[in-house]
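Coordinate inspection notes
Chain residues, written in single-letter form:
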Amino acid sequence: MPPPRSPLSRLLTVLLAGLLAGLALAAAALPASLLLGYAAKSAVGSYAALPEALRTPTTPQRSYLYANDGTTLITTFYDVNRTDVPLAEIAPVMREAIVAAEDRRFYSHGGTDLRGIARALVANVTGGGTEQGGSTLTMQYVRNVLKTDPNRTAEEQAAATEQTVGRKLQEIRYATALEQRLSKDEILNRYLNIAYFGSGAYGIAAASQRYFAKSPAELTLPEAALLAGLVQSPDAYSPIDGDADAALARRAYVLDAMAATGKITAGQAAAAQAEGLTLHPTQQPNGCTAVAEGHDDWGFFCDYLRQWWLTQPAFGETVAEREQALRRGGYTVVTSLDPKLQQTAQEQATAVYGHDDKRALPIAAVQPGTGRVLAMAVNRHYSLDANPDGQANHPNTVNPLISGGGGVDGYQAGSTFKLFTMLAALENGRQLATGFDAPSRLPTRYAAEGPASCGGRWCPANANPQWMDGYRTMWDGFGRSVNTYFVWLSEQVGPAKVVEMAQRLGITFRAEADAAFARDNAANWGAFTLGVAATTPLDLANAYATVAAEGTYCTPLPVVSVTAADGDRVDVGEPSCRRVLDADVARAATDAARCPVGQQTTYGQCDGGTATAVDTIVGRPVAGKTGSSEQAATETFVGFTPQVAVAGIAANPDDPGDAVGSAVQAKVIAAVARTIRAAVDGQPVRDFTPPSRELAGEVRRPAPQPTTTPRQPETLSPDVLRWLNRGPG
């Protein structure tokens, strides 16, 4: 119900009505051209003086997120469900229906229909039946823009719909000015893109999808007439949320109006009226918890993209502005998500642990050389739905279990961190052939107490002395994951350089204790090489992707392209890469990383690995590393080819003390390997570039040794972990 008008307002309305009624009577005796000229002069206004929103529309529009194929819809973001479309993509029958329903003289007036206004004002003042608006389509467009302009205050927006003479005169001035500059078709197009059609649908594109699940170009006569009838009273006439009978009655009115204007015949109108109400209502998804049905696993990637978006200055100076841009800017975002690879990764994660399992296997896949994130899977539903009592994060969660952040620090990844020690050593003059007679236990320079100490010094051990002890190089030390070899190597190069190498390759210390140790005491972090710092599958996959790209680090990127509503590309989709390693150093580390997965190096130096099944599963050149944290609390595998790097970490996200157990290691290895195989399926087989002889060093023929893969706890005892928490003595 409109607000009551003051006596003065009613008086002015009567006077204006009398004036316009007189003009209307006089108009009957005047040529149309003179009438239009008089109207234009009476409603003084210039295009340049119009509000910016009327000259350059900034209507809120829905943003679309697609997979990397550009067609698979992930979800949409919006505050207002609207998408602008050009007039050519709107069925002609829809254009004709809206004109017949709302403004039959649209193509003959100059923005203001004096006869219509006079008729409406007289009827409204005298109370002669239903209140009438008398507004042309152009005037309605002005009102819609002013009441939704995001740059206007709430009070200014409310004023755009006040029932006052002043507001009506302003509409007349603005409408006349618009008609002097814009074509009728452009005004009609703008109107159809901003009008509210009920049930949350703003604009004809959203309305076509909401009511009929089709584009506006596909609308039939009965459908167009129904939609055209809704704009007069969207909430009351909506056949979904309002009165279906009223919607049909209003449709009949529109069809009769179209027949009266000659756009359709009386027979066509009758045939359309005889058709029943056939709806195919669809609800547009909104946000990451509303991803496509059956694909709630996509929500984790969607959330990662949203967090990335909020850091991009291209979308606004503040986080709030960037959030508003995503929900109101009408962007088309082609993401880096590969839906087929995502499906494989999700199947592999849930094959190891079901959705209801308290343990999880988050998996991430990254493209070397671009940093594009191809898949993010975990055995959880991305959902705000409640969990059963006592189950904090399963089966439903929106926590970033794969990428970290928001209170998720990550998980220990065990001996996968030995890669950073090897890279630091190679960069600082060591060769792959660097040898050391690795003992079962290695006394170090770091003070420690308890069972893990040797005479007051930290003394790490090999879990399987028979298989690990003895003379080792980087090749077989990495292949057999020999703890004492890599702790020794870390001491030779300096733990601070190992920590710096990990950070250079993108390992982020989200846990406060890890960050403090890296900042204040990295030189004494001898256990870092054994993977005691928390990380995430995404960080780990991207670090190994840097090696796969021969030393080129790329910031993780969740998009391929972002296009603004006006069709311009936003400069945020290109990879941000830089060289962080000498190419030969990266090639040398890759050569050694062939050993764990059951393949052979360029120089034939592999003689056993911890994940030899990978060679058979992937079936092409591949490299990687396993990692087990203390007492098998977590189990990790990360593997890579020149085209993809994939990491998976089995853990209990809610309880780090709940060990996943060593038995799951083989399943984790297989899950990651099968994901790699799916990623490279159909791509050319590419081999790794061999390292130089200079960096390889003097090659020797390894002595025959057992090649079976025993169980290998690869990090530290509880005593040493407690020691790490307090720092060296």
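Here, every reference points to the structure presented above.
Scope of this entry: the structure provided in the associated data block. (Residues numbered from 1 in each chain as written. Predicted model: local features only at pLDDT ≥ 70, side-chain atom pairs only at ≥ 80, totals over all residues. Heavy atoms only, no water.)

**Digging into helix α4 (residues 92-102)**
The buried count for α4 comes to 8 of 11 residues, which makes it a mostly enclosed element. Taken residue by residue, α4 has Val93, Met94, Ala97, Ile98, Val99, Ala100, Ala101 and Glu102 as its buried positions. The elements touched by buried residues of α4 are α6 (137-148), α9 (184-194), α10 (204-212), α11 (221-230) and α13 (244-260). (Buried < 20%, exposed > 50% of the residue type's maximum accessible area, 1.4 Å probe, protein only. Helix = DSSP H or I, 4+ residues; strand = E, 2+ residues; numbered from the N terminus. Contact = heavy atoms within 4.5 Å.)

**Quick look at the nonpolar core**
What tends to happen in soluble globular proteins is that the nonpolar side chains get buried as a cluster. Core analysis: the largest hydrophobic core is formed by 112 residues, its most contacted members being Phe420 and Met422. Contact partners of phenylalanine 420, with chain neighbours within four places excluded, come to Val498, Met501, Ala502, Leu505, Ile507 and Ala543. Val142, Ala160, Tyr191 and Ala228 belong to the second largest nonpolar core, which has 62 residues in total. (Core = buried A, V, L, I, M, F, W, Y, C linked by side-chain atoms within 4.5 Å.)

**Concerning the pairing of strand β1 (residues 63-66)**
Neither face of β1 is open: one carries Ser63 and Leu65, the other Tyr64 and Tyr66, and all of them are buried. Of the pairings in the sheet, the one linking β1 to strand β2 (residues 73-77) comprises 4 bridges and is antiparallel in character. Bridging from a neighbouring strand, leucine 65 pairs with threonine 75 of β2. Following β1, the chain reverses through 6 residues before pairing antiparallel with β2; glycine 70 in that reversal takes a positive phi of roughly 80°. As paired elements, β1 and strand β3 (residues 332-335) share 3 bridges and run parallel to each other. Note that in β3 the partner of leucine 65 across the bridge is valine 333. (Pairing = 2+ DSSP bridges.)

**Some words on the sheet that holds strand β15 (residues 559-563)**
Reading across the sheet, the 4 strands line up as β2-β1-β3-β15 and stay open at both edges, with mixed pairing between neighbours. Single-partner strands in this sheet number two, and they are β2 and β15. Ignoring strand direction, the axes of neighbouring strands in this sheet form an average angle of 15°. Here β3 runs beside β15; their pairing, made up of 4 bridges, is antiparallel. (Axes fitted to C-alpha atoms, helices over the stretch in contact; angles between N-to-C directions.)

**Considerations on the state of the cysteines**
If you walk through the whole model with that rule in mind, you get 4 disulfides. Residue pairing for cysteine 454: its cysteine sulfur links by disulfide to cysteine 459, the two sulfurs lying 2.0 Å apart. Taking the torsion about the sulfur-sulfur bond, which here is approximately -85°, the covalent link between cysteine 454 and cysteine 459 counts as left-handed. Residue class for cysteine 454 comes out partly exposed when judged on its relative accessible area of 27%. Of the residues examined, cysteine 459 reaches a relative accessible area of 3% and is grouped as buried. Two residues, cysteine 595 and cysteine 606, share a disulfide whose sulfurs are 2.0 Å apart. Note on the cysteine 595 and cysteine 606 pair: the S-S dihedral is about -85°, so by sign convention the disulfide is left-handed. Taken together, the residues cysteine 595 in the loop between α25 (583-592) and α26 (613-618) and cysteine 606 in the loop between α25 and α26 connect sequence positions 11 residues apart. (Disulfide = S-S within 2.5 Å.)

**So, the packing of α6 against α9**
It is the contact of α6 with α9, at a shortest axis distance of 9 Å, that shows an interaxial angle of 45°. In terms of axis orientation, α6 runs oblique to α9. α6 and α9 meet at a crossing whose hand is left-handed. Side by side, α6 and α9 meet where Leu137, Thr138, Gln140, Tyr141, Asn144, Val145 and Thr148 of the first sit next to Ile187, Leu188, Arg190, Tyr191 and Ile194 of the second. Considered class by class, the residues forming the contact of α6 with α9 number 7 nonpolar, 4 polar and 1 charged. (Parallel < 35°, antiparallel > 145°, perpendicular 65-115°, else oblique. Left-handed = near helix turned anticlockwise from the far one by under 90°. Nonpolar A, V, L, I, M, F, W, Y, C, P; charged D, E, K, R; others polar.)

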